[in-house]
Amino acid sequence: MADPKTRKIQGVLNGEFLRSERVRKQYKLFALIVVLVFFYILAGYRSMQQQHRLTDLRKEVRDKRFEYLTLSAELVSRTRQSQVIASLAERGSNLKPNETPAIKVGK
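Quick caveat, the model's predicted, so the values are computed rather than measured. What you see as residue numbers is a count from 1 along each chain, following the sequence as written. Note on the predicted model: pLDDT of at least 70 is required for a residue's local features to be given, and 80 or more for side-chain atom pairs to be given and counted; whole-chain, interface and lining totals, by contrast, use all residues. The side-chain figures draw on all heavy atoms in the structure; neither hydrogens nor water molecules are used.

### Digging into the overall build of the chain
What counts as a helix is a DSSP run of H or I of at least four residues, what counts as a strand is a run of E of at least two, and both are numbered from the N terminus. In terms of regular secondary structure, the chain is built from 4 helices and 0 strands. By the compact-globule yardstick of 13 Å for 107 residues, the chain is too spread out, its C-alpha radius of gyration being 39 Å. Each of the three principal axes of the chain carries a C-alpha extent, and together these read 115 × 35 × 20 Å. The classification of residues rests on relative accessible area computed with a 1.4 Å probe and restricted to protein chains. Under 20% of the type maximum is buried, over 50% is exposed, and intermediate values are partly exposed. Residues classed as buried in the chain amount to 2% of the 107 residues present. Of the accessible surface of the chain, which amounts to about 11,000 Å², a share of 60% is contributed by carbon and sulfur atoms. The charge count treats Lys and Arg as positive and Asp and Glu as negative. His and the chain ends do not count. In this description, the location of a charge corresponds to atom NZ of lysine, CZ of arginine, CG of aspartate or CD of glutamate. For the chain, the distance from the average position of its 21 positive side-chain charges to the average position of its 10 negative side-chain charges is 9 Å. Taken over C-alpha atoms, the radius of gyration is set against a globule rule of 2.2 Å times the number of residues to the power 0.38. Here, Shrake-Rupley sampling with a 1.4 Å probe gives the accessible areas, and only protein chains in the shown set may cover a residue.

As structure tokens, then:
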């Protein structure tokens, strides 16, 4: 005759454990637990997806910020008065910069 521990293990493995009255009364609870575990796993996967998407978006924002800074610096250098004067002289324009300061009207 097998010892009680071995009988319990055999009962679980062959499904006899699931037929007991005590377990049959708890089927709804087991089903609820399975559904909750499923939703818990699903929430974990969705959270991981959002974290990956957030990381990608942060990288994209950083790249766009660097691109903006580069273009902004280039625009500032192009519109600097000395650059504009040099560009006009290069093209042979007869325009000259104003030597007198602008007069401020009003406040």
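### Digging into the environment of Ser72
Position of Ser72 among the secondary structure elements: in helix H3 (residues 27-79). With a relative accessible area of 28%, Ser72 lands in the partly exposed category. Sequence-wise, Ser72 and Lys28 are 44 residues apart; in three dimensions their C-alpha atoms are separated by 64 Å.

### Side note on helix H1 (residues 4-13)
Because each turn of an α-helix spans 3.6 residues, side chains separated by three or four positions end up pointing in the same direction. Sparse coverage of H1 is indicated by the burial of 1 of its 10 residues. Of the residues flanking the end of H1, it is Gly15, one or two places downstream, whose phi is positive at about 90°.

### Focus: the confidence of the model for the chain
Detailed reading of the predicted coordinates is not advisable wherever pLDDT is low. In the predicted model, the chain carries a mean pLDDT of 87, and 97% of its residues have values of at least 70. pLDDT expresses how confident the predictor is about each individual residue, on a scale running from 0 to 100. Within the chain, the lowest mean pLDDT, 80, falls on helix H2 (residues 21-24), and the highest, 94, falls on H3.

### A look at the pattern of salt bridges
When the charged atoms of two side chains with opposite charge come close together, those side chains can pair. Each reported salt bridge corresponds to a side-chain nitrogen of Lys or Arg within 4 Å of a carboxyl oxygen of Asp or Glu. Following the criterion strictly, the structure yields 2 salt bridges and no others. Where Glu21 meets Arg24, a salt bridge forms, and the shortest distance between an N and an O atom there is 2.7 Å. Of this pair, Glu21 and Arg24 both sit in helix H2, 3 residues apart, which is roughly one turn of that helix. What makes Arg24 partly exposed here is its relative accessible area of 45%. In this structure, Glu67 and Lys64 form a salt bridge, with 3.9 Å as the shortest nitrogen-oxygen distance. Of this pair, Glu67 and Lys64 both sit in helix H3, 3 residues apart, roughly one helical turn.

### Here's the deal with the packing of H3 against helix H4 (residues 81-90)
Put simply, H3 and H4 touch, their axes get as near as 5 Å, and they point 60° apart. With respect to H4, the axis of H3 lies oblique. Taking contact as the criterion, the partners of Ser77, Arg78 and Thr79 in H3 are, on H4, Gln81, Gln83 and Val84. Looking at the contact of H3 with H4 residue by residue, the classes come out as 1 nonpolar, 4 polar and 1 charged. For helices, the fitted line uses only the C-alpha atoms of the stretch in contact; every axis is such a line through C-alpha atoms, and the angle between N-to-C directions lies from 0 to 180 degrees. Roughly parallel here means an angle under 35 degrees, roughly antiparallel means over 145, roughly perpendicular means 65 to 115, and every remaining angle is called oblique. Residue contacts are counted whenever heavy atoms from the two residues lie within 4.5 Å of one another. Side-chain classes follow a simple rule in which Ala, Val, Leu, Ile, Met, Phe, Trp, Tyr, Cys and Pro form the nonpolar group, Asp, Glu, Lys and Arg form the charged group, and the remainder, Gly included, forms the polar group.

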